[in-house]
Amino acid sequence: MIFEQYYLECLSQASYLVADETTGRAVIVDPRRDIDQYLESAREHGVRIELVIETHFHADFLSGHLELARATGAEIAFGARAKPEFAARALHDGERIRLGDVALEILETPGHTPESISIVVYEHPDDTVPYGVLTGDTLFIGDVGRPDLLSSLGATSDQLASMLHDSLTGRLMRLPDPTRVFPGHGAGSACGKNLSTALSSTIGEQRASNYALQPMSREEFVHVVTEGQSAAPAYFAFDAMRNREAHELLHEHEAPTPLTIEAVLEHGRRGAVLLDTREPGAFATGSLLGSVNVGLEGRYAQYVGSVVRPDEQIVLLTEPGTELEARIRLGRIGYDRVVGCVENLYEVFQQHPELVRAGSRLTAAAFDERRRTIPGLQVVDVRNPGEVEQGSVPGAAAIPLPRLREEIGRLDPTLPTVVLCAGGYRSSIAASLLRRVGFDDVSDVLGGYQAWEGAQSRRAVIT
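Residues numbered from 1 in each chain as written. Predicted model: local features only at pLDDT ≥ 70, side-chain atom pairs only at ≥ 80, totals over all residues. Heavy atoms only, no water.

K.L.:
Mind laying out the overall build of the protein, listing which residues take part and the relevant values?
P.N.:
Looking only at helices and strands, the protein has 15 helices and 24 strands in total. For 463 residues, the compact-globule estimate of 2.2 N^0.38 gives 23 Å, and the protein sits close to it at 24 Å. When the backbone C-alpha atoms are referred to their principal axes, the protein occupies close to 75 × 55 × 40 Å. Residues classed as buried in the protein amount to 56% of the 463 residues present. Partitioning the contacts of the protein with sequence separation of at least 6, the portion at a separation of at least 24 is 69%. When the accessible surface of the protein is split by element, carbon and sulfur atoms take 50% of a total near 18,500 Å². (Helix = DSSP H or I, 4+ residues; strand = E, 2+ residues; numbered from the N terminus. Rg over C-alpha atoms; globule rule 2.2 N^0.38 Å. Buried < 20%, exposed > 50% of the residue type's maximum accessible area, 1.4 Å probe, protein only. Contact = heavy atoms within 4.5 Å. Areas by Shrake-Rupley, 256 points an atom, 1.4 Å probe, with all protein chains shown as cover.)

K.L.:
A description of the sheet that holds strand E17 (residues 314-317) should follow, citing residues and the corresponding values.
P.N.:
Strands sit in the order E13-E18-E17-E14-E16 across an open sheet of five strands; the sheet is parallel. If you trace the sheet from one side to the other, it starts and ends with strand E13 (258-259) and strand E16 (292-293), each paired once. As paired elements, strand E14 (residues 273-276) and E16 share two bridges and run parallel to each other. When the bridges of E16 are listed, leucine 275 appears paired with valine 292. Most of the contacts of helix H10 (residues 323-331) go to E17, to which it runs at about 140°, and overall it touches E14, E17 and strand E18 (338-342). (Pairing = 2+ DSSP bridges. Axes fitted to C-alpha atoms, helices over the stretch in contact; angles between N-to-C directions.)

K.L.:
Could you give an account of helix H1 (residues 36-45), with specific residues and numbers?
P.N.:
For H1, the full list of buried residues reads Tyr38, Leu39, Ser41 and Ala42. For H1, the arc enclosing every buried residue in end-on projection is 160°, short of the 170-degree limit, so these residues lie on one face. Relative to its buried face, H1 has exposed residues pointing more than 90 degrees away, namely Arg43 and Glu44. Turning to H1, the residues buried within the fold contact strand E1 (2-8), strand E2 (13-20), strand E3 (25-29), strand E4 (48-53) and helix H2 (65-72). (Arc of directions from axis to C-beta.)

K.L.:
Please provide a residue-by-residue account of empty space enclosed by the protein, values included.
P.N.:
To locate leftover empty space, one rolls a probe as large as a water molecule over the atoms. On inspection of all chains with the given rule, the structure shows one cavity of 30 Å³ or more. Lining the largest cavity are Pro280, Phe283, Ala284, Gly359, Ser360, Arg361, Ser428, Ala431, Arg435 and Asp444. Taken together, the elements giving at least two residues each to the lining of the largest cavity come down to helix H8 (280-285), strand E20 (360-362) and helix H14 (425-436). Residue classes in the lining of the largest cavity are distributed as four nonpolar, three polar and three charged. (1 Å grid on protein atoms, 1.4 Å probe; cavity = no way out; pocket = protein on both sides within 12 Å on 5 of 7 lines; lining within 4 Å. Points joined across faces, edges and corners; volume = space filled by probe spheres on them. Nonpolar A, V, L, I, M, F, W, Y, C, P; charged D, E, K, R; others polar.)

K.L.:
Tell me about the pairing of strand E8 (residues 103-108), residues and numbers included.
P.N.:
With six of six residues buried, E8 lies mostly within the body of the structure. Side chains Ala103, Glu105 and Leu107 of E8 all project onto a buried face; the interleaved residues Leu104, Ile106 and Glu108 project onto the opposite face, where all are buried too. In this sheet, E8 lies alongside strand E7 (residues 96-98) in antiparallel orientation, the contact comprising three bridges. Its bridge partner lying in E8, arginine 96 is registered against glutamate 105. Between E7 and E8, which pair antiparallel one after the other, the connecting turn spans four residues, and glycine 100 there sits at a positive phi close to 150°. Relative to strand E9 (residues 117-122), E8 runs antiparallel, the two sharing six bridges. Pairing of leucine 107 across the sheet is with serine 118, part of E9.

K.L.:
Could you give an account of H14, naming the residues involved and the relevant values?
P.N.:
The terminal C-alpha atoms of H14 lie 17 Å apart, and with 12 residues this matches the ideal 16 Å at 1.5 Å per residue to within 8%. Of all the 12 residues making up H14, 11 are buried; the element is thus mostly covered by neighbouring parts of the structure. All of the buried residues along H14 are Tyr425, Arg426, Ser427, Ser428, Ile429, Ala430, Ala431, Ser432, Leu433, Leu434 and Arg435. Trailing H14 by a residue or two, glycine 438 shows a phi angle of about 110°, which is positive. (Expected span 1.5 Å × (residues − 1).)

K.L.:
Could you give an account of the pairing of strand E10 (residues 132-136), naming the residues involved and the relevant values?
P.N.:
Of all five residues in E10, five are buried; the element is thus mostly enclosed. A two-sided burial pattern is seen for E10, the buried positions comprising Gly132, Leu134 and Gly136 on one face and Val133 and Thr135 on the other. Across three bridges, the pairing between E9 and E10 is antiparallel. Its bridge partner being in E10, valine 120 is matched across the sheet by valine 133. Pairing of E10 with strand E11 (residues 180-183), which is carried by four bridges, proceeds in the parallel orientation.

Structure follows, in structure tokens:
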């Protein structure tokens, strides 16, 4: 057997290749949209990709099943409950797919979504202990899939949580303890709330340590897996629908079109988002008026999808040489409306200083000084609810970043405003959004709440 796990850090997303060496037949599970790595692996191993299996309709990324089918001629397959709007094979509960000696068994495991499946991998057809199980978003390392996402149309979160309980206790936890667990996501994914940084485990280890797999009633399980979930990025519903559709393909080697500053400004006047992908420190030293900062070094696509709507056009403002990466990473979440990128960004800044604005970033001490000396200072905390519950700045308005655009009416644009998050990445995004819609006096906090809390602790020790 050939078994490979591919892990995409920026989306905390795992995909898999399973193949039989003797027959050369291969299956890809839950591929990302830029598919070169799968094609290269198949060439290296001398195997042919015959089947692409999706464990469910993903909400957090646009999958690469259509791209792989076009490139290889592979058949696309989903669990039998899925109803994609294109030709696909329906996989039924208990069905076995023989690649040679290597065999895959399909388990229906609804809960994260109604159509979710898991795939049990056998190295030999008569093995009593499977090599492993690909659990998609049903079971993670340290967590289970959240049942409250909009990808699950037609069912409530409580109904799906009840299904998830049955899928875990009645299906996955009946596998032998040594069975390896290979999940669809790791730490940082918004598809769960307590995901481990580990990329594999075993059924036995999860039975012993996973909070959601401890002995409890169905009602207790429903409560524990539905409470405290982070705000889902706004693009999740869009991706869940797009993964059902026969959409356009990603051309992963096609760089964005270079644009003059005049063209950029015209796109901006027509409503395009001017997306500055530099790190927050560089953005603060000078940025194009009206631009939104989402740094490429962070969880870039996820946060673009939290603050930019799928129907909005995007102009990229990037560090030289990163234009293609910025476009591809947007393509991974289905954001294909990139109209181009700024040519020679720093030259544009030098030639048009009237179009450049510096940002304000405060140390924790400077932030405290403003709190003491500026009456009516408006403080906005853009962390998730679970983070805010652990501690917050007194009087801060808590608006998770994915909800900022829709809840911006809660804020007064005439007041001096300070934004903070956990460490300073999300606050730069939020501050730039507020400036874009007319907030004149906006700063964010370097090091975020962590820096502020640390300063308070040090002050308490001294006093």
